[in-house]
Amino acid sequence: VNQANSDCCAAVGHMVANNQFIERLNISDNPLTTSLGDTLGKAMAVNKSLVALNVASVGLVNASTLFAGLRPPLKALNVANNTCAPASWNVLGESMAAGLALSSLKVRSADMGNDGAAALAGGIRVHKCMASLEVSSCGLGAQGVVELLEAMGTSAAAEKVVLSENKISRAADMAANALKMLLKQRPGLVEVDLSECDLSGSDGDAFAEAIGHAKGLQSVDFSGNSFREESGVILKASLLKLYKAGNRVASVKYGRNSVEKLLVMDVMADDFDESEAEGAWLPDALDLSDSKPAAEVLEALANLLQADGCTLNEVTLNNNPMGKPPGLGRLPRGAAQPPPIIASLLKEPAARARLQTLSLHNAQLKDAGAVYIADFIKTAGWMIRDLDLGFNEIGDSGTTALAEAAAAPGNALVRLQLRLNRIRNEGAKKLADALHTDECVLEFLSISSNIVGTGGLRALMEAVPFCKTIATLELDGQKEAVWNEHDFSAGAKKLAGAIRDRSVDLPPLKVNTVAIDGMGHASQILDCGAVQTEYALKHKKSLLSFQDCLDISGALRGPFTPAEFEALVGGFGSVAGQAPSWLAADQMRRRAAYINHLQLSITKDRLDDFLESDADAAVEEIVIGVEKAMKTPNGTAWVLFKDEKSLEKVMKMYHDGRAAIYGSPFIISRAQPQISGDSSEGIDIQGDLAARAAREAARKADDKANVDALQAKVMEKQKNQKAAYGGSDMGVSHANTLGGQNLDGKGYGSKYDPGKPW
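Every value quoted in this text rests on a predicted model; they were computed, and no experiment measured them. (Residues numbered from 1 in each chain as written. Predicted model: local features only at pLDDT ≥ 70, side-chain atom pairs only at ≥ 80, totals over all residues. Heavy atoms only, no water.)

A. Region of interest: the pattern of salt bridges. According to the stated counting rule, one finds 29 salt bridges in the structure shown. Among the salt bridges present, the one from Glu621 reaches Arg692, with a minimum N-O distance of 2.7 Å. Taken together, the residues span a long stretch of sequence, with Glu621 in strand E20 (residues 619-626) and Arg692 in helix H25 (residues 685-724) at a distance of 71 residues. Given the relative accessible area of 12%, Glu621 is considered buried. When salt bridges with common partners are traced through the structure, they connect Lys604, Asp605, Glu696, Arg699 and Asp703 into a single cluster. (Salt bridge = Lys/Arg side-chain N within 4 Å of Asp/Glu carboxyl O. Helix = DSSP H or I, 4+ residues; strand = E, 2+ residues; numbered from the N terminus. Buried < 20%, exposed > 50% of the residue type's maximum accessible area, 1.4 Å probe, protein only.)

Spelled out as C-alpha cells, the structure:
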C-alpha cells in the first residue's frame, strides 16, 4: 500500500526480468495503471523464479498483456479489484493451456462474465491443480458458476471455492447440481462461499441439500441469500447427515436468512431425529448476523448449547436487536428493568459455559444490556474470551460494569471491542483502572470513535506499563473530546517511556491515537512505529522512500551497473525529463536528495525558498521532474546541495515531520545506490550544469521582461486615464474602482472611449 504510479512500472519490470531469485512479489494497492501489464508481462515471460504475484488494486483495466507473459513456475496470482476486461480471461486461459499451472487464483470485482469464466475453466481443466479459486463479484451467472464448479471438480487439489456476489438465481438448480458433484468428487474441499448470490426459495433448498454430500467440508457461507424457512430445515438435515458420517462442519455463516427452523426443533414432526437435540451437529462457529432471531430461536440455541455433544463456542449476532424486548414502553420510575433479549441465550449457565466468543455489534444493547452481560462475567464466572459490543450506545455506566468484569478475579476476557459507543472520560478511567490490576488479562482493547476526553486518554496511556498482557490499544476517532494539552502530554510521555522500557518478553505493542479532535502537533511526542498518531498521518508521508527502494533492490539483486542506474532514473542530461548528470558522480550524490509527492503547482523558486528558509540549507541546483510525454511537472524533484551538512539538515527536517508546503507533506530521500564501477566516465557534468543554468537565467530574464512590459502597459493606461480627467488623479482612482472596464472596449458591455471621461 504505497503511491507508486505508472512511472514506476519500468523499474518493476526491470527488477522482475533481472532478478532470478525473487519468489514472491506484492505490489498491490498502488496506482500503477494498465501500463503495469505491458512492462510486467514482458518481464514475467523471462523470469524463472517468481511463484506468487499480487497485483490487487493497481488499476488494471485490461490485463491481457500481463496474462500473456505469465509462465511457470508461477503458482499463485491475485488480481482482485482490477477491471480486467473480458478479453483478458481468454488470454489467461490460453496461458494456462500453454503451461501456466496455477494453484491459487483470486479475482474480485472484475469484468469476467460467463464467457470469461468458461475460458478460465478451460485453463483449470488442463493441469487439474487449482487448490484455491476465488471469483467474487465478477458478473457471473449460473452458467459461469457451473463452468467453474465443474472445472474444480477435475482438480485433485481443490480445497477452497469462493463464488460470492455473483447473481446465479436463474438456472440455480444446475449450479446446485454442479456443487453437489464437486463435493462428492473432492473430499479435500474444505471451504465453500456462496454468500450474496441472490438465492432464495427453491434455489436455497437445492444448495442447502447439496452440502449434505460433502466429505471434508469445514466452512460454508450462505449469508445474504434470503433462504426461506424450508431451506433451514434442509440445511439442518445436511449438517446432521455430515455429523453422523464423521464429517461435521466447523463454521457456518447463515446471516440474513430465515433461521427459525434451522434451530427450533419440531419434536412432533414425523421425520424428527432425536440426534437433533444432541446439538453435536452444530458447528464450532455460527454466524446469524442480520437474521433477526426471535427470543424463541435464542432459547432453542441455548438448549442446544447445553447438550453434551455440542462444541459450538463462537456465536455472531451482529445487526440484530438484542436489547430491550419489543413492545416495551417507558417503565415507571423505580420499576425493575426486564432482561434484554440476549438473556434468552445467556441465562442458562451451561449455555454460557460453551461460549468463548460472542459478537453483538449493533445489537441495541445500551447500558442496561452491557451491565447485564458484565454481571455474568463478574458474579457468575462466565469465561468469555472475545466480546464485541461495538455500536450499542453504551455509555459510562455500561463501560464501568465491563471494566469491573475485566478486572474480576479469574476472568478470561482477552479481547474487548467497544468502538462506536458513547463512552466519556469516566468510563475510560474505569477501563484504565482495570488495566492496573493483576487480574486483567486483556490483550486487545478498543474504544475507537467514542467521546473520550484527554483525561480518559491520559489514564489509559498511563495504564499501559501496568498491564503485561495488552498488545493493542485503540483510542482513535474521539469526537467532541474535551481538550487539555497537559493531560495528553503527560499521558504521552508515560506511554513513550513504557514503549522504550518494554521487555522483549512482552507482546509487541500497538497503540492507535489517530483522529482525536484537538491533538494536533501534541501527538508528535508519540511518533514511532508502535503508535499511530494524527501527527504522522497529517505531517509525514509514512511510505517507502527512493532510498528505501534502492536499498531493497540492492539487497535483492546486488549493485547496479552505471548503465542500469542511468536507465533507472530516466537517463542523464540537461533536457527536460532527464535526470541531472551529477547523479553519476559519487561525490555529488552524497549531497543530493530526491523529493516526491510535491504539489504540481510547486515551482523551483518556491521549493528553493522553502529549503533555504525552513531547513537553513544551501541549495546549489534544483531540477523539477516532468512527465516525459506532456513535459508537465510530475511532483518530483532532484536537489543538489552545496555541502553534505545541508543535506543532513533537510533530512532532519523531514524526519521531524516538517516537510510540507502549503500544508501538503512530501517525501525527501537520499539518492545513494550501490553502483559497481565509475558511473561518471564520459559524462559532461559541468556542461549540463552550465546548460541548465543558462536556461534558468534566460527564463528569469523572460519573466522579468514580461513583468516590465505589464507594468509599462499599466502605467500607460493610468497616464491615459489621468489625461482624460484633465491631469487630475481622479481618473486613476475612478478607473481602479471600476476594475471591470477592459482596454479591449468590452467592459460592462459598453464601448470605452479613451478620449472621454468615464
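Anyway, onward from the coordinates.
B. Layout of the confidence of the model for the protein chain. Mean pLDDT for the protein chain: 86, with 88% of residues reaching 70 or above. When the criterion is pLDDT under 50, residues 738-752 qualifies, and its contacts beyond four places in sequence or with other chains add up to 15 contacts. (pLDDT = per-residue confidence, 0-100. Contact = heavy atoms within 4.5 Å.)

C. Region of the structure containing a nonpolar patch on the surface. A cluster of nonpolar side chains, contributed by Leu544, Ile552 and Leu556, occupies part of the molecular surface with about 240 Å² of accessible area. Take Ile552: it is sitting in helix H20 (residues 546-557). Assessed through its relative accessible area of 42%, Ile552 is described here as partly exposed. (Patch = residues over 30% accessible without salt bridge, like charges linked within 9 Å, V, L, I, M, F, W, Y side chains within 5 Å. Areas by Shrake-Rupley, 256 points an atom, 1.4 Å probe, with all protein chains shown as cover.)

D. The arrangement of the packing of aromatic side chains in detail. Scanning all chains against the criterion turns up ten aromatic pairs. With 4.9 Å between their ring centres and 85° between their planes, Tyr372 and Phe376 make a pair best called edge-to-face. On the criterion of helical spacing, the pair formed by Tyr372 and Phe376 is a turn pair, its members being four residues apart in helix H14 (residues 366-379). Residue Phe376 is classed as buried on the basis of its relative accessible area, which comes to 12%. Ring pairs connect the aromatic residues Phe222, Phe227 and Tyr254, which therefore count as one cluster. Sitting over the ring of Phe444, Arg415 keeps its end group 4.3 Å from the ring centre. (Phe/Tyr/Trp six-rings, centres within 6.5 Å; stacked < 30°, edge-to-face > 60°. Lys NZ or Arg CZ within 6 Å of the ring centre and 35° of its normal.)

E. Seen up close, helix H23 (residues 604-614). Here H23 has its buried residues at Leu607, Phe610 and Leu611. Summarising the axial view, the buried residues of H23 lie within an arc of 90°, below the 170-degree limit, and thus occupy one face. At its buried positions, H23 is contacted by strand E19 (592-596), E20, strand E21 (633-641), helix H24 (644-655) and strand E22 (660-661). Downstream of H23 by a residue or two, Asp616 has a phi angle that is positive, lying close to 55°. (Arc of directions from axis to C-beta.)

F. Quick look at the environment of Asn177. Within the secondary structure, Asn177 is located in helix H7 (residues 172-185). Residues Asn177 and Glu209, spaced 32 residues apart in sequence, show a C-alpha to C-alpha distance of 9.8 Å.

G. Fine view of unusual backbone geometry. The residue after Pro72, namely Pro73, is reached through a cis peptide bond having omega 15°. One can find Pro73 in the loop between helix H3 (64-69) and strand E3 (76-78). Positive phi, close to 60°, is recorded for Asn81, a residue that is not glycine. At Glu165, a residue that is not glycine, the phi angle is positive and equals roughly 60°. The class of Glu165 is partly exposed, set by a relative accessible area of 28%.

H. Inspection of the environment of Lys75 at higher detail. With respect to the secondary-structure elements, Lys75 resides in the loop between H3 and E3. For Lys75, a relative accessible area of 38% gives the class partly exposed. Sequence separation of Lys75 and Leu102 is 27 residues, and the distance between their C-alpha atoms is 4.4 Å.

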